[in-house]
Amino acid sequence: MSQNDAVQRGYQRIATEEAWATPELIQRYRDLLAGTEFDDPGFRNLWGFFATSDTPRATDLRDRIQDLDERRLADMDAAGIDMALLLLTAPGVQVFDAPEAVALARSTNDLLAATIRRHPTRFAGLAAVAPQDPRAAAREIERAVRQLGLKGAVINSHTQGEYLDDEKFWDIFAAAEALDVPIYIHPNSPPPAMIQPFLPRCLDAAIFGFACETGLHALRLIVSGVFDRFPKLQIVLGHLGEGLPFWLSRIDFMHAGIVRSNRSPGAQPLRKKPSDYLRENFYYTTSGMAWEPSVTFVQQQMGIERVMYAMDYPYQYVPEEVTQMDRLPLSPEHLKMFYESNARTVFKL
Ligand code: CA
């Protein structure tokens, strides 16, 4: 692939939810798996496989996710991807105790920035942060954006069972809003309190559990009033919004009824309908969901300017995927928004 290809087709393809990891992170995951102090069945099922299995699926994933040079660039070229937005893979640093997580987020973000300096036209990135220490996380977002040139932050949904609708985390949102950068809420495996019924059939991760868990997280944020407090805050969801766009009318109807009948102190009146926040405070990427009917539906419902391409490399590396997405029933202008301009706007690329 060359720059000429992008010129010829009239747009660059920017993939916006592409995972990477350091050897150190994977080793620390192995340490956690070998010990007994971190008892999280979702982490164990996911990383017990990817960090230790010698099946081709796991070894291939480990090779690809750690490569930030020739192999990744060759894979991007083979798939027709001009630029990748790199996110430290889930669950990032969120499984460690606070001091380790804060330090690891910093060193990882420094490494990511160095990678981007090596390949400035091919890579951009989001900062890893440690919500375990919300004030340190807010400071790290500021450092990563102002000093390292990263484009926002990624938070892998719940942090050891805690959700960002708890006001103790809201320094993170204040920082993102003040810097005018988005927070990408990437899936995590359901926490211990949620995961049991998923496990016997291995439904806890990308096949379905991620969407349940992360969709729930987004709804918790909305119902908590976080967007009334931070009206300019922008959240990015992958996987076409984790199912939420399909639910808009029922969520609005039921939330209005819950508020009217004052059923819960946790569900107080909001300034707008839940669907309004989903249309005004969220962006959506197609990671792992390159299926025309779903993409078209989400574009229609959430707005053509709110949906962006992502591949979800290397978990779902499908080199021919872009040829399907190139055929979306879109005008040339809208196709360029989908692949390039929306991402440039949201992440200031
Ligand atoms: Ca992903």
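Below: a short report on this structure. Values in this document were obtained by computation on a predicted structure and should not be read as measured data. (Residues numbered from 1 in each chain as written. Predicted model: local features only at pLDDT ≥ 70, side-chain atom pairs only at ≥ 80, totals over all residues. Heavy atoms only, no water.)

## Digging into the pattern of salt bridges
Close approach of charged atoms allows side chains with opposite charge to pair.
Link 1 in the chain: Inspection of every chain in the model, using the stated rule, returns 21 salt bridges.
Link 2 in the chain: Residue Lys273 is joined to Asp276 by a salt bridge in which the shortest nitrogen-to-oxygen separation is 3.7 Å.
Link 3 in the chain: Three or more residues joined by partner-sharing salt bridges are found here, namely Asp60, Arg64, Arg71 and Asp75. (Salt bridge = Lys/Arg side-chain N within 4 Å of Asp/Glu carboxyl O.)

## Let's talk about the coordination of the calcium ion
Link 1 in the chain: Protein-derived coordination of the calcium ion comes from Glu17 (OE), His186 (NE2) and Asp312 (OD), at a distance range of 2.1 to 2.4 Å.
Link 2 in the chain: Mapped onto the polypeptide sequence, the residues donating to the calcium ion form the spacing pattern E-x168-H-x125-D. With Glu17 in strand S1 (residues 14-20) and His186 in the loop between strand S6 (183-185) and helix H9 (192-195), this pair connects stretches of sequence that are 169 residues apart.
Link 3 in the chain: On the basis of relative accessibility, which here comes to 12%, the residue His186 falls in the buried class. (Donors = N, O, S within 2.8 Å, 3.2 Å for Na, K, Ca; no water. Helix = DSSP H or I, 4+ residues; strand = E, 2+ residues; numbered from the N terminus. Buried < 20%, exposed > 50% of the residue type's maximum accessible area, 1.4 Å probe, protein only.)

## What to know about the sheet that holds strand S3 (residues 123-125)
Link 1 in the chain: Here 3 strands make up an open sheet; going across it, the order is S1-S2-S3 and the pairing parallel. Because the sheet does not close on itself, it has two edges, and the strands there are S1 and S3. With strand direction ignored, the average angle separating the axes of adjacent strands in the sheet is 35°.
Link 2 in the chain: As paired elements, S1 and strand S2 (residues 83-88) share 5 bridges and run parallel to each other. (Pairing = 2+ DSSP bridges. Axes fitted to C-alpha atoms, helices over the stretch in contact; angles between N-to-C directions.)

## Digging into the packing of aromatic side chains
By convention here, two paired aromatic rings are described through the distance between centres and the angle between planes.
Link 1 in the chain: All chains considered together, the criterion is met by 17 aromatic pairs.
Link 2 in the chain: Look at Trp170 and Phe230: their rings are 6.0 Å apart centre to centre, the planes differ by 75°, and that puts the pair in the edge-to-face class. Residue Trp170 is located in helix H8 (residues 170-179), and its partner Phe230 is located in the loop between helix H11 (226-229) and strand S7 (235-237); the two are separated by 60 residues in the primary sequence.
Link 3 in the chain: For Phe230, a relative accessible area of 8% gives the class buried.
Link 4 in the chain: Among the aromatic residues, those joined into a cluster by ring pairs are Tyr29, Phe38, Phe43, Trp47, Phe49, Phe50, Phe96 and Tyr315.
Link 5 in the chain: Its end group placed over the ring of Tyr339, Arg13 keeps NZ or CZ at 5.5 Å from the ring centre. (Phe/Tyr/Trp six-rings, centres within 6.5 Å; stacked < 30°, edge-to-face > 60°. Lys NZ or Arg CZ within 6 Å of the ring centre and 35° of its normal.)

## Some words on the sheet that holds S6
Link 1 in the chain: Strand order in this open sheet of 6 strands is S4-S5-S6-S7-S8-S9, and the pairing throughout is parallel. Two strands in the sheet have a free side with no partner beyond their single neighbour: strand S4 (127-128) and strand S9 (307-308).

## What about helix H3 (residues 41-50)?
Link 1 in the chain: Among all positions of H3, only Gly42, Phe43, Leu46, Trp47 and Phe50 are buried. For H3, the angular spread of buried residues about the axis comes to 90°, placing them on one side.
Link 2 in the chain: Against helix H2 (23-34), helix H4 (56-66), H9 and helix H10 (209-224) lie the buried residues of H3.
Link 3 in the chain: Measuring from the side-chain oxygen of the N-cap residue of H3 to the backbone nitrogen of Gly42 gives 2.9 Å; that N-cap residue is Asp40. (Arc of directions from axis to C-beta. Contact = heavy atoms within 4.5 Å. Polar contact = N/O pair within 3.5 Å; in protein donor to acceptor, adjacent residues only side chain to side chain.)

## A few points about a nonpolar patch on the surface
Link 1 in the chain: A cluster of nonpolar side chains, namely Leu203, Ile207 and Phe208, defines an oily patch on the protein surface of about 300 Å² accessible area.
Link 2 in the chain: Here Leu203 falls in the partly exposed class, since its relative accessible area comes to 32%. (Patch = residues over 30% accessible without salt bridge, like charges linked within 9 Å, V, L, I, M, F, W, Y side chains within 5 Å. Areas by Shrake-Rupley, 256 points an atom, 1.4 Å probe, with all protein chains shown as cover.)

## Side note on the side chain of Thr16
Link 1 in the chain: Relative to the elements of secondary structure, Thr16 occurs in strand S1.
Link 2 in the chain: When its relative accessible area of 0% is taken as the criterion, Thr16 is described as buried.
Link 3 in the chain: Looking at Thr16, its side chain comes within polar contact range of the main-chain oxygen of Tyr309, at 2.7 Å.
Link 4 in the chain: In this structure Thr16 touches Leu85, Leu87, Tyr184, Thr285, Met308, Tyr309, Ala310, Ala343 and Phe347, once residues within four positions along its chain are discounted.

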